[in-house]
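Here are the chains, one letter per residue:
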Amino acid sequence: MENRTHQRQHTGTRGDVGIMAHLALAAPPFAAHRISTNTLCLRDARNFTSDVMRRWNLDPVREDAVQIASELVANAVRHGRRRTPLPDGSPPVVWLALTRRPHSLLCVVHDPSQRRPRLTPPAPLAENHRGLPIVEALSEGWGWKPSGTTGKAVWARLPLPPAPAHRRP
């Protein structure tokens, strides 16, 4: 299986233990949210991401993180969600996970499809194929990884601004 990573050079709720362990994201701080299959799934993903950014005091990157999460979830729901149960009989599920690393925020969306994401340049007036170009423009890098027989994880890394220096009295 192919594992793709796209990188750009820059200067200067609840979770499922199995998915968390497989994605190796269980290092704090970590947050995961099961994406509903109803028409409110994107609103829920945006609200979840925005709330997590506030809790983690990452307001400077909140808007970009919300946009990235929203685009990845939209792709997972539109292209990656299976209509039939998984081989073990369980219903297909999409998860959104966020984890803060020392210098970046990692946004991961897991879906039950093994179809690889494709970066397709949109036509100038097209309404489709804009999600991954937006993710690529806002992120430091993005990629995907097969997840055994249970689907794939698509991720994007957002650089965090340097922490302010502590002043001495």
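Residues numbered from 1 in each chain as written. Predicted model: local features only at pLDDT ≥ 70, side-chain atom pairs only at ≥ 80, totals over all residues. Heavy atoms only, no water.

Chemist: Before we go on, may I ask you to explain the overall build of the chain in this structure?
Modeler: Within the chain one finds four helices and six strands. Along the chain, helices (α) and strands (β) appear in the sequence β-α-β-α-α-β-β-α-β-β when read from the amino end. For the chain, the accessible surface area stands at approximately 10,200 Å², while carbon and sulfur atoms represent 52% of it. (Helix = DSSP H or I, 4+ residues; strand = E, 2+ residues; numbered from the N terminus. Areas by Shrake-Rupley, 256 points an atom, 1.4 Å probe, with all protein chains shown as cover.)

Chemist: What is the right way to look at the environment of Asn47 in this model?
Modeler: Mapped onto the elements, Asn47 comes out in helix α2 (residues 41-55). Residues Asn47 and Val66, spaced 19 residues apart in sequence, show a C-alpha to C-alpha distance of 8.1 Å.

Chemist: Hey, could you run me through the confidence of the model for the chain in this one?
Modeler: A low pLDDT score tells you not to read the predicted coordinates there in detail. Confidence in the prediction for the chain averages 80 pLDDT; 74% of positions are at 70 or higher. Across residues 1-17 the pLDDT falls below 50, and counting only partners more than four positions away or on other chains, this stretch makes 41 contacts in the model. (pLDDT = per-residue confidence, 0-100. Contact = heavy atoms within 4.5 Å.)

Chemist: Would you take a moment to explain the pairing of strand β4 (residues 104-111) for this structure?
Modeler: A regular strand carries its side chains on alternate faces of the sheet. Most of β4 is tucked away: eight of the eight residues are buried. A two-sided burial pattern is seen for β4, the buried positions comprising Ser104, Leu106, Val108 and His110 on one face and Leu105, Cys107, Val109 and Asp111 on the other. Direction of pairing for strand β3 (residues 94-100) relative to β4: antiparallel, over a ladder of six bridges. Bridge pairing in β4 links Arg100 to Leu105. Between the antiparallel neighbours β3 and β4 lie three residues. Sheet topology note: the β4/strand β6 (residues 152-159) ladder contains eight bridges and is antiparallel. Along β6, the bridge assignment pairs Cys107 with Ala156. (Buried < 20%, exposed > 50% of the residue type's maximum accessible area, 1.4 Å probe, protein only. Pairing = 2+ DSSP bridges.)

Chemist: When you look at helix α4 (residues 131-138) in this model, what are you seeing that I'm missing?
Modeler: One turn of the α-helix equals 3.6 residues, which is why residues spaced by three or four share an orientation. For α4, every residue scored as buried is listed here: Gly131, Leu132 and Val135. All buried residues of α4 lie within an arc of 90° about the axis, which places them on one face of the element. Tucked into the core, α4 has its buried residues touching α3 (62-80), β5 (141-146) and β6. (Arc of directions from axis to C-beta.)

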